[in-house]
Amino acid sequence: MTEPTGRRERKKAQTRQSLADAALELFLDRGYDQVGVKDIADAADVSVTTLFKHFTGKEALVFDQADDLEAALVAAVRDRTPGTSIPQALREHILLKQTELAVHDTDPRFADFTRMVQETPALRDYAHRMWTRHEAALARAIAEAVGAPEDDVSCAALAHFALEARGLIRRHAEPRRAADEAFALLEHGWAAAHPGG
């Protein structure tokens, strides 16, 4: 009985990927604001109802890897090497993601994608909301890692400021230096509140 479920899940994943691919292609060719959900559904050869079963709206089609981002942030805390503080682990994770973005920057379509996000206020705002929505999960992972209560304010603050630091790092001419300086501040405060964490 596991085969049909596996097949069904594969089909759903294929449909989701087809929708995301069609959306990105249309957005890059025509511009985000000139494409409607019906255009995307037609390009992927599915109904609009099917599109909304997989995505909440147009913005979600642009950023279809949100769950992966959250899992990676939580893993950066949970799977850090012994002796690595939580701020250090988050700094390394954010720098790694920055490096991955730099590699993609050589692809002209990725540069077009980045420009589209930066030049479209709805996408820029959604990207920020999507990133910072991981704050609660990251705060829980931090609290769990140091044995603090789930609603610990210092854990929530570290999660908040670490996520917000990414924007500063990405905009800075020297991302590594920006990360070093931002996370040195976080490290200092964190070490005072949670020595050894």
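Anything mentioned here points back to the structure above.
Since the structure is predicted, the reported quantities are computational estimates derived from the model, not experimental observations.

Rules and cut-offs
Residues numbered from 1 in each chain as written. Predicted model: local features only at pLDDT ≥ 70, side-chain atom pairs only at ≥ 80, totals over all residues. Heavy atoms only, no water. Helix = DSSP H or I, 4+ residues; strand = E, 2+ residues; numbered from the N terminus. Buried < 20%, exposed > 50% of the residue type's maximum accessible area, 1.4 Å probe, protein only. Contact = heavy atoms within 4.5 Å. Areas by Shrake-Rupley, 256 points an atom, 1.4 Å probe, with all protein chains shown as cover. Lys, Arg positive; Asp, Glu negative; His and termini not counted. Charge placed at Lys NZ, Arg CZ, Asp CG, Glu CD. Polar contact = N/O pair within 3.5 Å; in protein donor to acceptor, adjacent residues only side chain to side chain. Core = buried A, V, L, I, M, F, W, Y, C linked by side-chain atoms within 4.5 Å. Arc of directions from axis to C-beta. Salt bridge = Lys/Arg side-chain N within 4 Å of Asp/Glu carboxyl O.

**Student:** Run through the overall build of the protein chain, naming residues and quoting values.
**Tutor:** Summing up its helical and strand segments, the protein chain has 11 helices and zero strands in all. For the protein chain, the sequential pattern of α-helices and β-strands runs α-α-α-α-α-α-α-α-α-α-α. Classification of the 197 residues of the protein chain by burial places 38% in the buried group. Here the analysis covers contacts within the protein chain between residues at least 6 apart in sequence; of these, 66% occur between residues at least 24 apart. Summed over its atoms, the accessible surface of the protein chain is roughly 11,500 Å², and 53% of this surface lies on carbon and sulfur atoms. If the 25 positive side-chain charges of the protein chain are averaged to one point and the 32 negative ones to another, these points end up 4 Å apart.

**Student:** Residue-level account of the side chain of His-194, with values.
**Tutor:** Looking at where His-194 falls in the secondary structure, it is placed in the segment after α11 (175-193). Here the side chain of His-194 touches Ser-154 through a polar contact of 2.7 Å, side chain to side chain. When neighbours within four sequence positions are excluded, His-194 is seen to be in contact with Val-146, Ala-148, Asp-152, Ser-154 and Cys-155.

**Student:** How would you sum up the nonpolar core? Please name residues and give values.
**Tutor:** Counting 28 residues, the largest nonpolar core has Leu-90, Leu-138, Ile-142 and Phe-183 as its most contacted members. Put simply, the parts of the chain that give this core at least two residues each are α5 (66-78), α6 (86-104), α9 (135-146), α10 (153-171) and α11. Looking at this core, the element that brings in the most residues is α10, giving seven residues. Ignoring sequence-local partners within four residues, the contact set of Ile-142 consists of Val-77, Ile-86, Leu-90, Cys-155, Leu-158, Ala-159 and Trp-190. Core analysis: the second largest hydrophobic core is formed by 26 residues, Ala-44, Phe-55, Met-116 and Met-130 among them.

**Student:** Run through the environment of Ala-20, naming residues and quoting values.
**Tutor:** Positionally, Ala-20 belongs in helix α1 (residues 2-30). According to the relative accessible area criterion, Ala-20 is buried, its value standing at 6%. Along the chain, Ala-20 and His-54 lie 34 residues apart, while their C-alpha atoms are 9.7 Å from each other.

**Student:** Any chance you could break down helix α2 (residues 37-44) for me, citing the residues and the numbers?
**Tutor:** Listing the buried residues of α2 in full gives Ile-40, Ala-41 and Ala-44. Looking straight down α2, one finds its buried side chains confined to an arc of 95 degrees; they lie on one side. With its phi angle positive at about 60 degrees, Asp-45 sits one or two positions after the end of α2.

**Student:** Just give me the short version of unusual backbone geometry, but keep the residues and values in it.
**Tutor:** Among all residues except glycine, the phi angle is most often negative; among peptide bonds, the trans geometry is most common. The backbone phi angle of Asp-45 is positive, close to 60 degrees, even though this residue is not glycine. Structurally, the position occupied by Asp-45 is in the loop between α2 and α3 (48-54). Residue Asp-45 is classed as exposed on the basis of its relative accessible area, which comes to 70%.

**Student:** Pulling in residues and values, what's your account of the pattern of salt bridges?
**Tutor:** For the structure shown, the criterion picks out nine salt bridges. Across the salt bridge formed by Asp-42 and Lys-38, the nearest N and O atoms sit 3.1 Å from each other. Within this pair, Asp-42 and its partner Lys-38 are both found in helix α2, separated by four residues, close to a single helical turn. In this structure Lys-38 comes out as exposed when scored by relative accessible area, which is 52%. A salt bridge links Arg-177 to Glu-181; the nearest nitrogen and oxygen atoms lie 3.1 Å apart. Residue Arg-177 and its partner Glu-181 are both found in helix α11; the two are separated by four residues, about one turn of the helix.

**Student:** Describe the environment of Val-46, listing the residues and the values that go with them.
**Tutor:** With respect to the helices, strands and loops of the structure, Val-46 is situated in the loop between α2 and α3. Residues Val-46 and Asp-68, spaced 22 residues apart in sequence, show a C-alpha to C-alpha distance of 25 Å. Every residue in contact with Val-46, bar those within four places of it in the chain, is listed here: Thr-15, Leu-19 and Ala-41.

**Student:** So what's going on with the side chain of Ser-85? Which residues, and what values?
**Tutor:** As for its position among the elements, Ser-85 is in the loop between α5 and α6. One polar contact links Ser-85 to Glu-187, side chain to side chain, over a distance of 2.6 Å. When near neighbours in sequence (up to four residues on either side) are disregarded, Ser-85 contacts Arg-80, Glu-187 and Gly-197.

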